[in-house]
Amino acid sequence: MRLQGKTALVTGAASERSIGWGIARALAAEGADVAVNDISQLDALENRADAIRAMGQRSIAVPADVTQPEQVEAMIAKTVEALGGLDIMVSNAGIIRWEHFLDITPANLRAIVNVNIKGNVFVCQAAARQMIAQGRGGRIILTSSVQSDMQFPITPVYGATKKAAHTLVGVMALELAQYNIIVNHIGPGWVSSALNDLSPDLQTAEGIEAQRQVVPLKRDGSIDEMGRAVVYFASLDGDYTTGAFLRVDGGLGISKYSS
Ligand SMILES: NC(=O)c1ccc[n+]([C@@H]2O[C@H](COP(=O)([O-])OP(=O)(O)OC[C@H]3O[C@@H](n4cnc5c(N)ncnc54)[C@H](O)[C@@H]3O)[C@@H](O)[C@H]2O)c1
């Protein structure tokens, strides 16, 4: 129980198949009390909070749109009120669109940048302010992507926002170190969450098999594997690591598509 007595908030955690849920469940398994956020599937979000309570930890569902700073502030305030503080912030919510560079639409560009960049900024800023006010340090962990490190065709804007997450994490790590706030990010490769349901590469059994063959470990990752990587950064084990990127991708980032 490496996180006994700690409080956490995870964004984008409503779906049972989501990485956010894998992270929330892993944090709770280590003894943390965990608030869960999403913008949609709010009944499912309540179920996630119920499931954490069934594990013996405190939990609350805090619906909010991470692109709206006032909603983000209210989400943090509700978490602090219910759980007594905020020690671990996991900014995980993200969206993707598949389109070639020449086909990028203004609407998709705006939507992806809003959630994946502005959302991260608003969430991390509000969380850091809360942690500074508490005066006991804290952990901020972003879910970026293997695309923080490499380029894929047909996800140009998504990939750019994940590189932006890398820069944001580095600058936060530098500027927040004085408050003992440790900031890192994990880079999933391929996880079979709803995010990938529309992936053009994963629509047939042959496509899925081809994708497996690209991953050196020959399989997708599980949401629990993503959760355990976050636990590393959230726990004592990660005490001396800040501004770091951990690929959790079965080696995808060093595969034949690597840059
Ligand atoms: N699945 C993968 O293969 C993969 C690979 C690399 C990185 N990632 C990243 O992992 C993170 C989690 O994705 P996932 O795979 O679990 O997908 P997912 O679609 O299951 O979960 C993302 C959640 O974020 C929520 N969300 C979207 N916009 C929001 C907003 N404005 N405010 C609050 N919540 C919002 C969605 O409703 C959704 O429930 C994302 O940042 C994604 O980019 C996923």
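Please read all numbers here as calculations on a predicted model, not as lab measurements.

(A) A look at the overall build of the protein. Within the protein, the regular secondary structure consists of 7 helices and 7 strands. The C-alpha radius of gyration computed for the protein amounts to 17 Å, which stays within 12% of the reference 18 Å derived for 259 residues, consistent with globular compactness. Considered along the principal axes of its C-alpha atoms, the protein spans approximately 50 × 35 × 35 Å. With 259 residues in all, the protein has 47% of them scored as buried. When contacts within the protein are restricted to residue pairs at least 6 apart in sequence, long-range pairs at least 24 apart make up 75% of them.

(B) Representation of the pairing of strand E4 (residues 88–91) in the model. Alternating positions in E4 separate into two faces, Ile88 and Val90 on one and Met89 and Ser91 on the other, with burial throughout. Of the pairings in the sheet, the one linking strand E1 (residues 7–10) to E4 comprises 3 bridges and is parallel in character. If you follow Leu9 over to E4, its bridge partner there is Met89. Inspection of the sheet shows E4 paired to strand E5 (residues 138–143) by 4 bridges, in the parallel sense. Across the sheet, Ser91 pairs through a bridge with Leu142, a residue of E5. Regarding the hand of the β-α-β motif, the stretch spanning E4, helix H4 (residues 106–134) and E5 is right-handed.

(C) Broad picture of the site of the ligand. Close to the ligand lie 31 residues; Gly12, Ser18, Gly94, Ser193 and Leu195 are nearest. Grouping the constituent residues of the shell around the ligand by class yields 13 nonpolar, 15 polar and 3 charged.

(D) Looking closely at the packing of helix H1 (residues 19–29) against helix H7 (residues 223–234). H7 packs onto H1 with a crossing angle of 50° between their chain directions and a minimal axis gap of 7 Å. Classified by the angle between their axes, H1 and H7 sit oblique to one another. The crossing of H1 and H7 is right-handed. Contacts from Ile19, Trp21, Gly22, Ile23, Arg25, Ala26 and Leu27 of H1 reach H7 at Ile223, Asp224, Met226, Gly227, Arg228, Val230, Val231 and Ala234. In the contact of H1 with H7, the residues fall into 10 nonpolar, 2 polar and 3 charged.

(E) Here's a closer look at the nonpolar core. If you look at the biggest cluster of nonpolar residues, it comprises 70 residues, and the most contacted ones within it are Ala24, Leu27, Val34, Ala127 and Val230. It is H4 that contributes the most residues to this core, 9 residues altogether. Residue contacts for Val230: discarding those within four places in its chain leaves Ile23, Ala26, Leu27, Val90, Ile141 and Ile186.

(F) The packing of H4 against helix H5 (residues 156–176), seen in detail. Direction vectors running N to C along H4 and H5 enclose 15°, while the axes themselves pass 10 Å from each other. Relative to H5, the element H4 lies roughly parallel. With respect to the hand of their crossing, H4 and H5 are arranged in right-handed fashion. Contacts from Asn108, Leu109, Ile112, Val113, Asn116, Ile117, Asn120, Val121, Cys124 and Ala128 in H4 reach Val157, Tyr158, Thr161, Ala164, Ala165, Leu168, Met172 and Leu176 in H5.

(G) Quick peek at the sheet that holds strand E2 (residues 33–36). Pairing is parallel in the open sheet, where 7 strands are placed in the order E3-E2-E1-E4-E5-E6-E7. In this open sheet, the two edge strands, each paired with only one partner strand, are strand E3 (59–61) and strand E7 (245–248). The sheet shows a mean angle of 15° between the axes of neighbouring strands, direction not considered. Along the sheet face, H4 touches E4, E5 and strand E6 (181–188) and points at about 175° away from the line of E4.

(H) Local environment of the pairing of E1. Burial of E1 is two-sided: the residues Thr7 and Leu9 facing one way and the residues Ala8 and Val10 facing the other way are all buried. Sheet analysis places E1 next to E2, joined by 4 bridges and oriented parallel. By the bridge assignment for E2, Val10 is matched with Val36. As for the winding sense of the linkage, the β-α-β connection from E1 through H1 to E2 is right-handed.

The rules behind the values
- Residues numbered from 1 in each chain as written.
- Predicted model: local features only at pLDDT ≥ 70, side-chain atom pairs only at ≥ 80, totals over all residues.
- Helix = DSSP H or I, 4+ residues; strand = E, 2+ residues; numbered from the N terminus.
- Rg over C-alpha atoms; globule rule 2.2 N^0.38 Å.
- Buried ≥ 20, exposed ≤ 12 C-beta atoms within 10 Å, placed from the backbone.
- Contact = placed C-beta atoms within 7 Å.
- Pairing = 2+ DSSP bridges.
- Right-handed = clockwise from strand over helix to strand, strands pointing away.
- Near = placed C-beta within 6 Å.
- Nonpolar A, V, L, I, M, F, W, Y, C, P; charged D, E, K, R; others polar.
- Axes fitted to C-alpha atoms, helices over the stretch in contact; angles between N-to-C directions.
- Parallel < 35°, antiparallel > 145°, perpendicular 65-115°, else oblique.
- Left-handed = near helix turned anticlockwise from the far one by under 90°.
- Core = buried A, V, L, I, M, F, W, Y, C linked by C-beta atoms within 7 Å.

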